[in-house]
Amino acid sequence: MKKCSEVMTNNPVCCLPNDTVANVAELMNSGNIGSIPVIENEQTKKLIGIVTDRDLTLKIVAKGLDAKSTKVETVMTRKVVTCRADDDLQKALDAMAENQLRRIPVVDADNKIMGIIAQADVATRIDQPEKTAEMVKEISQASQY
């Protein structure tokens, strides 16, 4: 089994907690990405949250909030499920399935962002179509609650 470092996207686009939601939406649009890790600052790159396109839809658009004045810290998920670069990929896949996540940040021992693993990374970087299909099925199952 591969290590997380072998399939992750290195140095993902990140944002800061006081960035505006509009700015983050533009980063998602220009990078064609569905989530952006939120870091403490550019120096430490310590992961403190994650914001997804779904967060923007449900917490901004659906509630009629102003994306140009709302800060990322008000919509980000603070308890982020992560993995380490040297973890077996299966550990990350299990965490993604268990938590119904389409992507998982990869951090070091100091919680510094190193990369991110998305469903697409698994689909394109491991040559196991049945494993990819199973992962997508597990992640996409309806929540029990």
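Our structure is the block above this text.
Residues numbered from 1 in each chain as written. Predicted model: local features only at pLDDT ≥ 70, side-chain atom pairs only at ≥ 80, totals over all residues. Heavy atoms only, no water.

1. Some thoughts on the overall build of the protein chain
Rule in force here: A helix here means a DSSP run of H or I that spans at least four residues, while a strand means a run of E at least two residues long, and both kinds are numbered starting from the N terminus. Two residues qualify as a contact provided that any one of their heavy atoms is within 4.5 Å of a heavy atom in the partner residue. For the accessible areas, the method is Shrake-Rupley and the probe is 1.4 Å, while residue cover comes only from the protein chains on display.
The helix and strand inventory of the protein chain stands at 6 helices and 6 strands. What you see in the protein chain, going N to C, is helices and strands ordered as α-β-α-β-β-α-β-α-β-β-α-α. Once local pairs closer than 6 in sequence are excluded, the contacts in the protein chain between residues at least 24 apart make up 59%. When the accessible area of the protein chain is evaluated, it comes to approximately 8,400 Å², of which 47% is carbon and sulfur surface.

2. Digging into helix H2 (residues 21-31)
Applicable threshold: Only protein chains enter the accessibility calculation, which uses a 1.4 Å probe; a residue is then buried when its area is under 20% of its type maximum, exposed when over 50%, and partly exposed in between. Comment: arc refers to directions from the helix axis out to C-beta atoms.
For H2, the complete set of buried residues consists of Val21, Val24 and Met28. Take H2 and look down its axis: the buried residues cluster within an arc of 65°, on one side only. Along H2, exposed side chains directed more than 90 degrees from the buried face belong to Asn29 and Ser30.

3. Notes on the pattern of salt bridges
Defined as follows: The rule for a salt bridge is simple: a side-chain nitrogen of Lys or Arg has to be within 4 Å of a carboxyl oxygen of Asp or Glu.
Using the criterion set out here, one finds 4 salt bridges in the structure. A salt bridge links Asp55 to Lys59, with the shortest nitrogen-to-oxygen separation between them at 3.6 Å. Residue Asp55 and its partner Lys59 are both found in helix H3 (residues 53-61); the two are separated by 4 residues, about one turn of the helix. As a salt-bridge pair, Lys91 and Asp87 come within 4.0 Å of each other at their nearest N and O atoms.

4. Description of the nonpolar core
Here is the rule we go by: Nonpolar cores were defined as sets of buried Ala, Val, Leu, Ile, Met, Phe, Trp, Tyr and Cys residues, with membership established by side-chain atoms within 4.5 Å.
If you look at the biggest cluster of nonpolar residues, it comprises 14 residues, and the most contacted ones within it are Cys83, Leu89, Ala92, Ile104, Val106 and Ile117. Of all the elements in the fold, those that place two or more residues in this core are helix H1 (4-7), helix H4 (89-99) and strand E5 (103-107). Counting residues per element, this core draws most heavily on H4, which supplies 5 residues. By size, the runner-up hydrophobic cluster in this structure holds 12 residues, among which are Val21, Val24, Met28 and Leu56.

5. Quick word on the side chain of Ser35
For clarity, the threshold we go by: The definition of a polar contact used here is a pair of N or O atoms within 3.5 Å, where within protein one atom must be able to donate a hydrogen and the other to accept one, and adjacent residues in sequence count solely through side-chain atom pairs.
Secondary-structure assignment places Ser35 in strand E2 (residues 35-39). The exposure class of Ser35 is buried, given its relative accessible area of 7%. Side-chain polar atoms of Ser35 contact the side chain of Arg103, separated by 3.3 Å. Apart from residues no more than four positions distant in its own chain, Ser35 is found in contact with Met28, Ile50, Val51, Thr52, Arg103 and Ile116.

6. Structural notes on the environment of Lys79
With respect to the helices and strands, Lys79 occurs in the loop between H3 and strand E4 (83-84). Lys79 gets classed as exposed once you look at its relative accessible area, which sits at 78%. C-alpha of Lys79 to C-alpha of Gly49: the two residues are 30 residues apart in sequence and 6.7 Å apart in space.

7. Digging into the sheet that holds strand E1 (residues 9-10)
Consider a sheet: its strands pair through backbone hydrogen bonds, and that pairing is either parallel or antiparallel. How we decide: We treat two strands as partners when DSSP finds at least two bridges between them.
The 4 strands lie next to each other as E1-E6-E5-E4, forming an open sheet whose pairing is mixed. Looking at strand neighbours, the two that pair on one side only are E1 and E4, the edges of this open sheet.

8. Re the state of the cysteines
Which entries qualify depends on this criterion: Cysteine sulfur atoms are paired as a disulfide whenever they come within 2.5 Å of each other.
What the rule picks out here adds up to 0 disulfides. Counting only cysteine sulfurs, Cys83 is the nearest neighbor of Cys4, a cysteine outside any disulfide, at a range of 3.7 Å. Cys83 gets classed as buried once you look at its relative accessible area, which sits at 4%.

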